[in-house]
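# Structural description and commentary
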There are 2 protein chains.
Amino acid sequence: MKSYNEMSKEELMKEKESLTAAYRDYQKMDLSLNMARGKPAPAQLELSYGLLGAVDPSDMIEDGIDTRNYGGLDGIPAAKALLASMVDCDPEQVIVFGNSSLNIMYDQVSRGMTTGYLGETPWCKLPEVKWICPVPGYDRHFGVTEHFGIKMINVPMTEDGPDMDMVEELVKDPAVKGMWCVPKYSNPQGYVYSDEIVKRIAALEPAAPDFRVFWDNAYCVHHIYDEPEKQKKILNILDETEKCGHKDMIFEFMSTSKISFPGAGIAGMAASDNNLKDVLKTLSAQTIGYDKINMLRHVNFFRDGKGIREHMKKHAAIVRPKFELTVKKFKEELEGLGVGSWTEPSGGYFVTFTTNPGCAKRTIELAKEAGVTMTGAGAPFPYHKDPDDSTIRVAPTYPTLDELSQALDVFVLCVKLAAVEKKLG
Amino acid sequence: MKSYNEMSKEELMKEKESLTAAYRDYQKMDLSLNMARGKPAPAQLELSYGLLGAVDPSDMIEDGIDTRNYGGLDGIPAAKALLASMVDCDPEQVIVFGNSSLNIMYDQVSRGMTTGYLGETPWCKLPEVKWICPVPGYDRHFGVTEHFGIKMINVPMTEDGPDMDMVEELVKDPAVKGMWCVPKYSNPQGYVYSDEIVKRIAALEPAAPDFRVFWDNAYCVHHIYDEPEKQKKILNILDETEKCGHKDMIFEFMSTSKISFPGAGIAGMAASDNNLKDVLKTLSAQTIGYDKINMLRHVNFFRDGKGIREHMKKHAAIVRPKFELTVKKFKEELEGLGVGSWTEPSGGYFVTFTTNPGCAKRTIELAKEAGVTMTGAGAPFPYHKDPDDSTIRVAPTYPTLDELSQALDVFVLCVKLAAVEKKLG
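Residues numbered from 1 in each chain as written. Chains lettered and ligands numbered in written order. Predicted model: local features only at pLDDT ≥ 70, side-chain atom pairs only at ≥ 80, totals over all residues. Heavy atoms only, no water.

### Topic: the sheet that holds strand S10 (residues 250–255) of chain B
Residues and elements named next belong to chain B.
- Taking strand neighbours across the sheet as the criterion, the 8 strands line up as S4-S11-S10-S9-S8-S5-S6-S7 in an open arrangement whose pairing is mixed. Looking at strand neighbours, the two that pair on one side only are strand S4 (94–96) and strand S7 (161–162), the edges of this open sheet.
- Bridge analysis of S10 against strand S11 (residues 267–270) gives 4 bridges, and the strand direction is antiparallel. Bridge pairing in S11 links Phe253 to Met269.
- Packing against the sheet, helix H5 (residues 139–147) makes contact with strand S5 (130–135), strand S6 (151–158), strand S8 (176–181) and strand S9 (212–216), and its axis sits at approximately 160° to S8. (Pairing = 2+ DSSP bridges. Helix = DSSP H or I, 4+ residues; strand = E, 2+ residues; numbered from the N terminus. Contact = heavy atoms within 4.5 Å. Axes fitted to C-alpha atoms, helices over the stretch in contact; angles between N-to-C directions.)

Structure, rendered in C-alpha cells:
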C-alpha cells in the first residue's frame, strides 16, 4: 500500500472515509479488550499451581531456620540462592523481602529520604533531589519518584540503553541521587543494554556519594525464545561496578512476580555488603521478617536456576505467539505506511509502538472508544508527559490469542485513522 | 519465709550465701533456656498446618478478584471481613496489607514523615516531632519512632491503661503527633484498657490535627482462658472516636501473626474513610498489591470470626499452663519476700515482673550467666532506658513446660540474689 506521506489530500480523505467506516463497524461490536497492563494470562498462572502445595509440614526447617516462626530478617539462604541464580550473583549479596520488588524500590527511595544511605544526609533535608529517568520507561518507577517529590529528568533511550553522554553529564550535579534502569528487555521497548552501556554505567563518577542506580532486573529470565542464541545476554552490573570500585552504587532488584504468581511471589535486592548492612539496620526497625514460608514454597517448587529456566520455557511457549502475532499485524497492516514504528522484543512483557508525533493520545482515545484499552497516553514518561505524544506501550500477554488478534486489528486501524486525521490537520 | 525487708544484715548474708550456692549449681548445669521473645511454641505452630494446603487451584477467584494475578490494592473483601471480625469493625474500614502489622505501623509513621496525613505538613519538615509512649511498652514500637528520630515521652501505665491526665496535657503540644497503645493484654503487662480510659482517649483534643493514636490490637483474640467471663472486654475505639467526632484520630492494627504462622500471616489496618483514602494514595505508589493468595489461604482456613475463636482456644490450651506455671512459681518462691511484684495476665504473650528499684539489669545479667536469656534490661522503654531499672518482660510461651519450669527456677533465684545483693549494698 502507498505510504500516507505520498498520498494527495484527496487520497487521504478517501482513506479516512474507508477507515472511519471500518472503525464504526468495530464500535458496533461492543468489544471489551485490554492491552494495558503487563499481566500474565490465566494459562501462565496455571503453570504455578504446584507451588500451592509445595510446602511439606514435616519439613519446614530450612538451613536451621524455622520458617514457621519469627526470625530471619534477611530471608532464608535457599531463597537467596534462588533469586541470586536469576541474576548470577553471590547468594550472600541478596536480601529476600516480601512479594513486591516495586515495594522494595519504594522503601529504598524512602530510606534515602528519611535515613540517608551510608551516613549521608537524608534527602528530605535537601532543597532539591533529582533523578535520571530513561524514557520511555516504567510508569510505576516514575510514580515512586514523583510520590516523593523528586525532580525527574528525561534521558532518551536508544536500542542499546540510555543516552550515556547525557547521563555522564547529569551525574556531575550532586542533587542527582538516582537513576531508574530496566536493563534487560526494557519496559516498554524490550531493549537490552549493550555491554558498552553497562560498562559506562558502572564507570559513572557521580558527584553525589549517595547516587544509586536502581537496576530493576525484572525480566532477567523472561525470554520469549528458548534457543540460547536468541536469548539476549547482559553484563553483570555488580561485577562491572566492582571492577570500577563502584559497587556501592548499585541496588539490583529481582522478583518472581511474572514467574510464579504476581502478588504472591518473592522479591529481592542484591547489593554490596555496605549497602546490605545499611539496609538491614533500617529493616530491623521496619519488620521482624518477611514471609519465609512463601520463600520455602518457591525454593521447593523451583529448586534452582535450572528449575526457573525450565519453568520460563513454559511461559515463553504461551507468550511467544502473542508477541509474534503483534509484530506480524504491525508489519502486515502498517509497514511502509509512514504511520509509525515498533520494537520487536525477544523478551519481557511489552512492545513499544511509536506513532507519528502528536498521534499517540488520539490513537489510544480511538481504541478506547472502540472497546480496546491501551496503557494511558504519556504513562511511560515522568509526570505522564510524552513530549512527542508518540509512545504507546502495547501489552500483549493477558488476552487470549483470539482476543489479542481482534484488539490488534482495532489498534492498527486506530493508528491509521489518527495518522490520517493528523495529516489532514 | 521472712521478707528480706525484715532480715538483719547477718540473715541477709546467710541468705546470699545459700542463694549463691544454689546459683553455682545452676551454672554448672550449662543450661540454654530462653524467655526473651514472644514467640509461639512449635506445638502452637502445628495448629495451622491446615493452612498450607488451604488454597484450591480451581477456586482462586474471590469476590471477582483473581487472587493469582495483580490487582486488589486494598486486599480481598473476604480477608477484610476476617480481620474486621477480630476487632469488631466494618470490613470496609479495613485495608489488608502484607505479613507484618509492625511493617504497617512503620509505613504509617514513614508516611507521616514524608507525605503528611490528610494534607498536613510532612513531619520531616518540622523542627521536632514528639510521641507519647506508655511505659513499660512494646520495644519494637519504640524502635520505629526512635528510627525516625521522633522524641519519645514516657507516660506511666496503670492497670487500667496509660495515665490519661498526663496524656491530655501532652497533646496540647502541637509537636506531639502520635501515641503507641497496645490496649488489650498490653505488652508487656497483659493489662486491658478500662472503658474510662478508652473513652478519654477517644475524647482527646490534640493540638495537632495530624495526631494519631496507633492502636495496636495485636492480642485482641489472644485470651488465655476459654470462659467468656474470664476474657477481658474492651470498648471499640473506632466506635468511641466516632461518637466524639474524632474518627480520623485512630489507626487500628491487627494481625494473624500469633494466630497462624508468625511471619507468614496477614495483617491489616482499620481506620476512617478519610484515612483509608489517604493511605491508598501513597500505597498505589508503593506496591501493586499484597499477597492475595495468602489472604485467601487464611480466609479458607479460618472462615470467619468464629473459626478464629475456635482456633484460639487451641492456642490457649497450650499457653495457659505456661502462664499459670509462671505465676505459680512467682507466688511460691517470691510472695512476701519483698523482692518484687508481677502481673497475672488473662491474655497476650507476656508477664511483667517488677523487681525492687535498681535490680532488673542485675537480675537479667545473673540469669544470662546461668544460661537463661530474658528480654534485655530496659527494652520495654524508649531508648532502652528503664528509669527505675526494675522492669523485666517475661515471655513464657516458647519453651516447653519443662524448660519453662527450669528457666523460672533460675529466674526466681536470680531475682532473690539480685535483691539481697542490693540490700547488702
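### So, the sheet that holds strand S8 (residues 176–181) of chain A
Residues and elements named next belong to chain A.
- Ordered by their spatial adjacency, 8 strands build an open sheet running S4-S11-S10-S9-S8-S5-S6-S7, and the pairing between neighbours is mixed. Strands at the two margins of the open sheet, each flanked by one partner only, are strand S4 (94–96) and strand S7 (161–162).
- Across the sheet, helix H5 (residues 101–114) touches strand S5 (130–135), S8, strand S9 (212–216), strand S10 (250–255) and strand S11 (267–270), and the angle it forms with S10 is around 155°.

### Here's the deal with the interface of chain B and chain A
- Counting residues at the interface gives 54 residues for chain B and 54 residues for chain A.
- Interface area, chain B with chain A, both sides summed: about 4,300 Å², of which 53% is carbon and sulfur.
- Counting the surface chain B buries against chain A, the share from its top three residues, Leu52, Arg68 and Tyr70 of chain B, is 17%.
- Counting the contacts that link chain B with chain A gives 0 salt bridges.
- At the boundary of chain B and chain A, one finds 19 residue pairs in polar contact (both at pLDDT 80 or more).
- At the level of secondary structure, the elements contributing two or more residues to the side of chain B that touches chain A comprise helix H2 (42–45), helix H4 (101–114), H5, helix H9 (273–286) and helix H10 (292–302) of chain B.
- In terms of residue count, H4 of chain B provides more of the side of chain B that touches chain A than any other element does, 8 residues in total.
- A class-by-class count of the residues in the side of chain B that touches chain A yields 24 nonpolar, 18 polar and 12 charged. (Buried area = accessible area lost by both parts, 1.4 Å probe. Salt bridge = Lys/Arg side-chain N within 4 Å of Asp/Glu carboxyl O. Polar contact = N/O pair within 3.5 Å; in protein donor to acceptor, adjacent residues only side chain to side chain. Nonpolar A, V, L, I, M, F, W, Y, C, P; charged D, E, K, R; others polar.)

### Looking at the nonpolar core
- Residues Ile201 and Phe211 of chain A together with Ile201 and Phe211 of chain B are the most contacted members of the largest nonpolar core, which totals 182 residues.
- When residues no more than four places from it in sequence are discounted, the contact partners of Ile201 of chain B are Met164, Met179, Cys181, Tyr193, Val213, Trp215, Ile237 and Met249 of chain B. (Core = buried A, V, L, I, M, F, W, Y, C linked by side-chain atoms within 4.5 Å. Buried < 20%, exposed > 50% of the residue type's maximum accessible area, 1.4 Å probe, protein only.)

### Overview of helix H1 (residues 9–28) of chain A
All names here are of chain A.
- End to end, H1 covers 28 Å across 20 residues, agreeing with the expected 28 Å (1.5 Å per residue, within 8%).
- Restricting attention to buried positions, one finds in H1 the residues Leu12, Glu15, Leu19, Thr20, Tyr23 and Tyr26. Angularly, the buried residues of H1 cover 140° about the axis, an arc narrow enough to put them on a single face. In this structure, H1 carries Glu10, Lys14, Glu17, Arg24 and Lys28 as exposed residues pointing more than 90 degrees from its buried face.
- Residues of H1 that are buried sit in contact with helix H13 (360–369) and helix H14 (401–424).
- Asp30 sits one or two positions beyond H1 and adopts a positive phi of about 55°. (Expected span 1.5 Å × (residues − 1). Arc of directions from axis to C-beta.)

### Observations regarding the pattern of salt bridges
- Taken as a whole and assessed by the stated rule, the structure comprises 48 salt bridges over all chains.
- Between Glu169 of chain B and Lys172 of chain B there is a salt bridge, and its shortest N-O distance comes to 3.2 Å.
- A single salt-bridge network, built from bridges that share partners, covers Asp165, Glu168, Glu196 and Arg200 of chain A.

### Details of the environment of Phe214 of chain A
Residues and elements named next belong to chain A.
- Mapped onto the elements of the fold, Phe214 is located in strand S9.
- Distance from Phe214 to Pro380, taken between C-alpha atoms, is 17 Å for residues 166 residues apart in sequence.
- Setting aside residues no more than four positions away along its own chain, Phe214 makes contact with Met105, Gln108, Val109, Tyr117, Trp131, Met179, Trp180, Cys181, Phe251 and Phe253.

### Quick notes on the packing of aromatic side chains
All names here are of chain A.
- Per the counting criterion, the structure on display carries 36 aromatic pairs over all chains.
- Seen from their ring centres, Trp123 and Trp131 are 5.8 Å apart, and the 70° between their planes marks the pair as edge-to-face.
- You can call Trp131 buried: its relative accessible area is 0%.
- Relative to Phe411, the ring of Phe353 lies with its centre 5.5 Å away and its plane at 90°, an arrangement referred to as edge-to-face. Residue Phe353 is located in strand S13 (residues 351–355), and its partner Phe411 is located in helix H14; the two are separated by 58 residues in the primary sequence. Each member of the pair, Phe353 together with Phe411, is buried.
- Within the aromatic cluster, the residues linked to one another by ring pairs are Tyr117, Trp123, Trp131, Trp180, Phe214, Phe251 and Phe253.
- Taking NZ or CZ as reference, Lys258 lies 5.3 Å from the ring centre of Tyr349, over its face. (Phe/Tyr/Trp six-rings, centres within 6.5 Å; stacked < 30°, edge-to-face > 60°. Lys NZ or Arg CZ within 6 Å of the ring centre and 35° of its normal.)

### Concerning the relation of the copies chain B and chain A
- It takes a turn of 180° to lay chain B on chain A, together with a shift of 0.0 Å along the axis; the resulting RMSD is 0.0 Å. Such a combination of rotation and displacement between the chain copies is what one expects of a two-fold axis. Across chain B, the rotation axis passes nearest the C-alpha of Gly53 of chain B, at a separation of 2.9 Å.
- Interface overlap between copies: 100% of the residues of chain B at the interface are likewise at the interface in chain A, consistent with a symmetric, same-surface contact. (Least-squares fit on C-alpha atoms with pLDDT ≥ 70 in both.)

### Topic: the environment of Lys328 of chain A
- Position of Lys328 of chain A relative to the elements: it lies in helix H12 (residues 305–334).
- Sequence-wise, Lys328 of chain A and Leu47 of chain A are 281 residues apart; in three dimensions their C-alpha atoms are separated by 27 Å.

### Here's the deal with the packing of helix H11 (residues 305–334) of chain B against helix H13 (residues 401–424) of chain B
Residues and elements named next belong to chain B.
- Packing of H11 against H13 leaves a shortest axis separation of 10 Å and a crossing angle of 30°. Regarding the angle of H11 to H13, the classification is roughly parallel. Crossing angle aside, the handedness with which H11 passes H13 is right-handed. Of the residues in H13, those touching H11 at Pro321, Lys322, Leu325, Thr326, Lys329, Phe330, Glu333 and Leu334 are Leu401, Leu404, Ser405, Leu408, Asp409, Phe411, Val412, Val415 and Lys416.
- Of the residues assigned to the contact of H11 with H13, the class counts are 10 nonpolar, 2 polar and 5 charged. (Parallel < 35°, antiparallel > 145°, perpendicular 65-115°, else oblique. Left-handed = near helix turned anticlockwise from the far one by under 90°.)

### Describing helix H7 (residues 195–202) of chain B
Residue and element names in this part refer to chain B.
- Along H7, the residues classified as buried are Ile197, Val198, Ile201 and Ala202. Viewed end-on, H7 has its buried residues packed into an arc of 135°, placing them on one side of the element.
- On its buried face, H7 sits against S7, helix H6 (164–170), S8, S9 and helix H8 (237–243).

### Structural notes on the side chain of Asp107 of chain B
- On the secondary structure map, Asp107 of chain B appears in helix H4.
- Within the buried set, Asp107 of chain B has no salt-bridge partner at all; the shortest N-O distance to an opposite charge, 4.5 Å, is to Arg111 of chain B.
- What Asp107 of chain B contacts, discounting residues up to four positions off in sequence, is Gln286 of chain A together with Gln286 and Tyr290 of chain B. (Lys, Arg positive; Asp, Glu negative; His and termini not counted.)

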